[in-house]
Structures are given as structure tokens and as C-alpha cells.
Amino acid sequence: MMQKGNSTEGETKKLAMRPDLKAISKMMETNCVLHPKKRFGNIPGINVGHQFFSRAEMVVVGFHSHWLNGIDYMGQAYRKEYSNYTFPVAVAIVLSGMYEDDQDNADDVVYTGQGGHNLTGDKRQIRDQVLERGNLALKNCVDQNVPVRVVRGHESRSSYCGKLYTYDGLYKVVKYWAEKGLSGYTVFKFRLRRMPGQPMLTTNQVQFVYGRVPNSVSEIRGLVCEDITGGTEDIPIPATNLVDDPPVPPSGFKYVKTIQVAKNIILPSASTGCKCRGGCIDPRICSCAKLNGSDFPYVRRDGGRLIEAKDVVYECGPNCGCGPDCLNRVSQRGIRYRLEVFRAPRKGWAVRSWDFIPSGAPVCEYIGILNRAEDMENASENNYIFDIDCLQTMRGLGGRERRSRDASSETVDQMHKHDDQKFEVPEFCIDAGSVGNIARFINHSCEPNLFVQCVLSSHQDIKLARVVLFAADNIPPLQELTYDYGYELDSVFGPDGKVKRMPCYCGAADCRKRLF
């Protein structure tokens with residue numbers, strides 16, 4: 001159990017049974033600590049991305065001198081050596097999610113001071129904090145412009161203590177203040193900002209807010225808009241901003257929940273549909289199931305989950321005999337998770353869920369204005385255009401990864417139908433620049449937790465398929481939602497005809513370093 005304050009005597013005795021803690025005690029007694037004296041800045045030999053398998057390892061190399069406390073600082077004993085400083089001064093902190101008021105947005109952190117924490121580990125404050133010891137040390141960092149080392153702890157089965165700690169570089173403590181925390185007690189807050197010129201963060205888990213999910217709007221930190229949908233969605237979507245100063249809400253667009261169609265586009269007529277009654281049960285007689293290879297693409301668990309990514313999913317539509325609760329209409333039921341738009345350093349706006357999202361569950365549809373790709377002006381300057389590229393994906397064109405070798409007969413027919421057409425590039429796209437929904441805020445990642453799925457429901461023209469984002473894995477609450485934008489490198493050109501390059505800040509271990 002990690003915390004910023006001190007442990008009780010009983011906890012100390014229990015933890016002292018750990019062999020790593022016995023080892024550091026012996027090493028400290030025999031002066032075997034690598035860097036016994038505390039120091040500002042980086043520790044020689046410990047680079048950004050270095051991983052510790054326990055807090056004890058940090059102690060024996062002199063990275064952080066406390067195996068339990070979150071804030072490590074120089075005390076009054078260092079006054080002679082550093083006569084120009086006012087002590088105490090902090091040198092390192094550990095972020096491990098033990099305080100309910102912590103906010104962690106990678107390059108920008110709001111860190112809760114030490115003290116007043118419930119030692120039972122439920123993350124709640126039980127008394128006011130005081131500006132002393134580690135809290136005073138961080139305050140003095142603000143006044144004296146002293147950076148601190150930041151290490152983050154994450155759950156890990158590969159570590160003998162159950163956690164893995166990653167060094168993420170030097171951060172400046174830019175601001176501090178006192179406020180009432182989530183539990184009603186005074187806490188000290190410290191805003192830390194990652195210093196430029198360091199290697200990219202190696203832990204993509206830091207795109208995550210530690211602590212518990214807010215129970216009400218009043219508990220949301222950095223709230224700039226209670227509902228960006230303006231009541232359009234059944235579940236409100238708040239927006240938070242702990243990055244900008246002053247904080248600003250998302251702007252420059254109109255929220256809509258259904259696709260808007262450009263005037264020069266005529267949608268295909270609705271398909272005939274199945275003749276099932278009430279709900280589709282038997283895939284052998286349901287004509288919509290036959291389009292999916294004589295099976296339903298979803299299972300009923302958790303309100304409906306997609307079994308696997310497919311070239312195309314054929315859902316029941318307006319002319320089908322089944323009702324709205326039919327299993328084969330899963331993606332048509334709208335947003336069913338509590339989502340939040342939040343400001344992320346370097347990446348702009350981002351999206352996370354307050355709820356657990358199971359693998360295969362639909363998260364949202366990409367909504368905007370349905371348009372012809374050739375009619376888009378200044379497309380290279382619009383970052384919200386989504387090409388409907390089902391055909392190109394089925395053919396594996398432009399570096400796209402083909403999903404199925406055993407496509408259904410209907411999918412094969414769709415491919416042959418367009419054999420004589422020029423489909424090297426998508427004919428249609430969805431423009432969410434000025435009109436769109438929550439999907440316009442979801443960022444790219446080279447290791448995403450969502451995937452794109454083309455869905456046909458009201459008609460069967462694959463060039464005009466709906467674009468729906470599904471969970472690629474079980475997604476824990478408060479983890480940023482991302483999908484792969486699918487750009488091929490050097491495939492985007494500016495108005496001057498030159499190749500455009502955009503760096504990628506997803507933070508994934510295998511990041512391609514460039515978005516396009």
C-alpha cells in the first residue's frame with residue numbers, strides 16, 4: 001500500500017516482513033546506497049523510461065529516499081551545502097493514485113499534498129492537510145524554480161510487489177493552492193508541468209485520472225461545460241480543462257447525434273429487411289443474419305457485444321419486422337456510457353469513460369456531415385474528416401489491413417459490384433469540423449483501445465456505410481479512448497503540394513512517432 005503520509009505502527013510491522021524492505025534496511029546500515037545524498041534534477045544512470053519493480057529499488061539507488069512517502073525532500077541538514085536555498089525543498093514525487101484529488105494528464109499534473117489521508121486505503125481524506133514537511137517542500141519549489149523527478153506507479157503482475165514504477169522525467173512545480181477536497185477537507189494542490197526537451201513519455205497509462213469517478217457534477221475538477229451535447233444525448237457529456245490557463249470549453253462546432261447529409265447526396269432507398277417478429281432469434285431464417293454469413297455478429301452479453309471485427313456488419317433496419325430491442329440493432333441504440341471530454345497536454349481535447357467498457361461494446365458512431373470527398377475544400381486543413389473506406393479496407397489498399405479472408409457472399413458481391421469503378425480512394429466522407437458528436441474529440445493512438453467498424457442498417461451501399469467505434473479490449477474507467485486514424489506515412493499533402501508531417505504524441509510503447 002503506497003501513500004504520501006506515514007503508516008501506522010501495525011502497517012509498518014506487516015510491511016517490514018517483505019524481503020526487499022529488509023534488504024534496504026541492511027544496505028542503508030552498511031552505507032551501500034548508490035547515491036546516499038539527495039540531489040536536485042536527474043540521477044546519473046537513471047534515464048526517462050527507467051522502470052523500478054518496487055519502491056525499495058528507488059531507495060537503494062538514491063532516486064527517492066522513502067519507500068512509503070510520496071514526497072521526497074531535502075531538509076534543513078542541507079542548508080550549509082546549498083546556502084542559497086530555503087529549505088525544505090522537494091526533489092522527487094511518486095504518483096500512484098492513492099489520493100482521491102490527484103489529477104494526472106501526462107505532461108500536466110495536479111498533485112495532492114500529503115497528510116490527512118485515510119490509512120485504510122480507500123483514498124479519502126479524513127482531516128485537513130497542513131503546509132509543512134513535504135507540502136512546504138513543494139511550495140518552496142514553486143518559489144525557487146526547482147524541478148522535481150516524477151515517477152508513476154501502475155499495477156503490474158510482473159512485479160513482486162504488484163506495481164511497476166516508471167521514471168517520467170523532470171517537472172516544474174508551477175503553482176500551489178489550498179482548497180476543499182472531494183471529501184470536504186482542506187488539501188494542498190500543486191500543479192506540475194513537464195519540462196520540455198526530454199524524451200517522450202513511455203507510459204501510455206498516464207493518460208488517466210487516478211481516484212474515484214465523480215458521483216455528481218459538483219465533484220468534477222476543472223469543469224468548463226456541464227454538457228457539451230446541450231441535452232441532445234440521453235446521457236450528459238461534461239468537459240473539463242486542467243491544462244489551459246484560463247480554462248476554456250470546446251468551441252467552434254454544433255453538437256448533433258445523427259448524420260447530416262449534404263444537399264447533393266441522395267441516400268439509397270431502404271433495403272427490404274427481414275421478416276422476423278419481435279426479435280431476430282434464428283440466424284437460419286433471418287435474412288439480415290444471412291448477410292453476415294448466416295450468423296448474428298453480436299452476443300447478448302452486456303447489452304450486446306460484437307464478436308469480432310468484420311469487413312462489414314449488416315444490422316436490421318427500418319423495414320425489418322423486428323423491434324428496437326433486437327440483438328442485431330446493437331449499434332443503433334446511441335451512447336450508453338458516461339463519457340467525458342477533457343483537455344490533454346499536446347494532444348488537445350480527448351475522451352474518457354467513467355464506466356467500464358467491455359470488449360466488443362459499441363462506444364459511439366462517427367457523426368458529421370456526409371459529403372463527397374471530391375467536394376471537400378481545404379481538406380488538408382480539416383482534421384475532422386473521416387473517409388468511409390470500407391471498400392479500400394476490404395481490398396487492403398493504401399496500407400490498410402484486411403480483416404477477413406472468408407467474407408460473406410454479400411460482402412463479396414459488394415466488392416465485385418465496384419470492380420469496374422475507381423475506388424483507390426474513398427468516394428464519400430464524414431466531415432465533423434463544424435457539426436459532429438463526441439467522436440470528433442477521440443484521439444489517435446498507435447496502440448488504440450477502440451477499433452473502427454463499418455455498419456450497414458438502413459441500406460446496403462457499402463460506400464455509404466455508418467462508421468462505428470467499438471471497444472477493442474476491456475477498457476477500465478477513466479482511461480483515454482483512442483483509435484488508429486489509419487494514415488499511411490507521407491500520404492497527406494498541403495495546399496502547396498508538399499508532404500505534410502504531424503508528430504504523434506500517443507505515448508504508446510510502439511508509437512510510430514508520426515501521425516502522418
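All values reported here derive from a predicted model rather than from experimental measurement.

(A) View of the pairing of strand β7 (residues 163–180). Bridge count for strand β1 (residues 51–52) against β7 is two bridges, and the pairing is antiparallel. Bridged to Phe52 within β7 is Tyr165. Pairing analysis gives eight bridges linking strand β6 (residues 147–155) to β7, with the strands arranged antiparallel. For Val148, the partnering residue across the bridge sits in β7 and is Tyr171. Here β7 pairs with strand β8 (residues 186–194) via nine bridges, running antiparallel. Along β8, the bridge assignment pairs Lys172 with Arg193. Two successive antiparallel strands, β7 and β8, enclose a turn made up of five residues, where Gly184 displays a positive phi of approximately 95°.

(B) Inspection of helix α4 (residues 133–144) at higher detail. For α4, built from twelve residues, the straight-helix expectation of 16 Å at 1.5 Å per residue is met to within 8% by its first-to-last C-alpha distance of 16 Å. Along α4, the residues that are buried comprise Gly134, Asn135, Ala137, Leu138, Lys139, Asn140, Cys141 and Gln144. Those residues of α4 hidden inside the fold are in contact with β2 (71–74), β3 (89–95), β5 (108–112), β6, β7 and β8. The positive-phi residue at the C-terminal boundary of α4 is Asn145, with phi of around 60°.

(C) Up close: the nonpolar core. If you look at the biggest cluster of nonpolar residues, it comprises 47 residues, and the most contacted ones within it are Val341 and Ile438. Put simply, the parts of the chain that give this core at least two residues each are β16 (339–344), β17 (348–353), β18 (362–365), α6 (390–395), β21 (428–431), β24 (450–456) and β25 (466–471). Ranked by residues supplied to this core, first place goes to β24 with four residues. Those residues within four positions of Ile438 in sequence are excluded, and the remaining contacts are Ile228, Ile237, Tyr255, Ile335, Leu339, Val341, Val351 and Cys364. If you look at the next biggest cluster of nonpolar residues, it comprises 24 residues, including Ala92, Ile93, Ala137 and Phe190.

(D) A look at the pairing of β24. With respect to burial, β24 is a largely interior element, seven of its seven residues being buried. Of the two faces of β24, the one holding Leu450, Val452, Cys454 and Leu456 and the one holding Phe451, Gln453 and Val455 are both buried throughout. Note: strand β15 (residues 313–314) against β24, two bridges, orientation parallel. Bridge pairing links Val313 to Val455 in β24. Looking at chain direction, β24 and β25 are connected through six bridges and run antiparallel. Across the sheet, the residue bridging to Val452 is Leu469, located in β25.

(E) Representation of the layout of surface pockets. There is about 600 Å³ of room inside the second largest pocket. Surrounding the second largest pocket, 34 residues form its lining, Lys257, Ile259, Glu365, Ile367 and Arg466 being those nearest its centre. For the lining of the second largest pocket, the secondary-structure elements that each account for two or more residues are β18, β24 and β25. Element by element, the count of residues in the lining of the second largest pocket is highest for β18, at four residues. Per-class residue counts for the lining of the second largest pocket are 19 nonpolar, nine polar and six charged.

(F) Main features of the packing of aromatic side chains. Evaluation of the coordinates by the stated rule reveals 14 aromatic pairs. Taking the centre distance of 5.2 Å and the plane angle of 45° together, the rings of Phe52 and Phe63 count as tilted. With Phe52 in strand β1 and Phe63 in the loop between α3 (55–60) and β2, this residue pair connects regions lying eleven residues apart in the sequence. Aromatic pair Tyr176 and Phe190: ring centres 6.3 Å apart, planes at 25°, arrangement stacked. Linking Tyr176 in strand β7 with Phe190 in strand β8, this pair joins segments that are 14 residues apart in sequence. Using a relative accessible area of 30% as the deciding quantity, one classes Tyr176 as partly exposed. A relative accessible area of 0% means that Phe190 is categorised as buried. Ring pairing ties together the aromatic residues Phe40, Tyr82, Tyr85 and Phe87, which thus form one cluster. The ring of Phe441 is capped by Arg440, whose NZ or CZ atom sits 5.0 Å from the centre of that ring.

(G) Representation of the sheet that holds β17 within the structure. One open sheet accounts for four strands, arranged β9-β10-β16-β17; its pairing is mixed. Each edge of the open sheet carries a strand with a single partner, namely β9 (223–225) and β17. Here β9 runs beside strand β10 (residues 239–240); their pairing, made up of two bridges, is antiparallel. Within β10, the residue paired with Cys225 across the bridge is Ala239.

(H) The environment of Gly321, seen in detail. Checked against the element boundaries, Gly321 lands in the loop between β15 and β16. Take Gly321: its relative accessible area is 26%, and that puts it in the partly exposed class. Residues Gly321 and Gly279 lie 42 residues apart in sequence; the distance between their C-alpha atoms is 8.0 Å. Setting aside its immediate chain neighbours within four residues, Gly321 contacts Cys274, Cys276, Arg277 and Gly278.

(I) Molecular detail of the state of the cysteines. Evaluated as defined, the whole model comprises one disulfide. Between the sulfur of Cys390 and that of Cys454 lies a disulfide, 1.9 Å long from S to S. In this structure the cystine formed by Cys390 and Cys454 twists about its S-S bond by roughly -105°; its chirality is therefore left-handed. Of the two residues, Cys390 is situated in helix α6 and Cys454 in strand β24; the sequence distance between them amounts to 64 residues. Each member of the pair, Cys390 as well as Cys454, carries the same accessibility label: buried. No disulfide involves Cys320; its sulfur sits 3.6 Å from that of Cys288, the nearest cysteine.

(J) Just the confidence of the model for the chain, in detail. Here the chain shows a mean pLDDT of 83. Residues at 70 or above account for 83%. Per-residue pLDDT stays below 50 along residues 1–16; that stretch engages in 41 contacts with residues further than four places along the chain or on separate chains. Contacts of residues 203–211 to residues separated by more than four positions or lying in other chains number 42 contacts, the stretch itself having pLDDT below 50.

(K) Representation of the side chain of Thr482. By the element assignment, Thr482 lies in strand β26 (residues 482–483). Not counting the four nearest positions on each side in its chain, Thr482 is found in contact with Ile442, Asn443, His444, Ser445, Glu447, Pro448, Asn449 and Leu450.

What counts, and where the lines are drawn
- Residues numbered from 1 in each chain as written.
- Predicted model: local features only at pLDDT ≥ 70, side-chain atom pairs only at ≥ 80, totals over all residues.
- Heavy atoms only, no water.
- Pairing = 2+ DSSP bridges.
- Helix = DSSP H or I, 4+ residues; strand = E, 2+ residues; numbered from the N terminus.
- Expected span 1.5 Å × (residues − 1).
- Buried < 20%, exposed > 50% of the residue type's maximum accessible area, 1.4 Å probe, protein only.
- Contact = heavy atoms within 4.5 Å.
- Core = buried A, V, L, I, M, F, W, Y, C linked by side-chain atoms within 4.5 Å.
- 1 Å grid on protein atoms, 1.4 Å probe; cavity = no way out; pocket = protein on both sides within 12 Å on 5 of 7 lines; lining within 4 Å.
- Points joined across faces, edges and corners; volume = space filled by probe spheres on them.
- Nonpolar A, V, L, I, M, F, W, Y, C, P; charged D, E, K, R; others polar.
- Phe/Tyr/Trp six-rings, centres within 6.5 Å; stacked < 30°, edge-to-face > 60°.
- Lys NZ or Arg CZ within 6 Å of the ring centre and 35° of its normal.
- Disulfide = S-S within 2.5 Å.
- pLDDT = per-residue confidence, 0-100.

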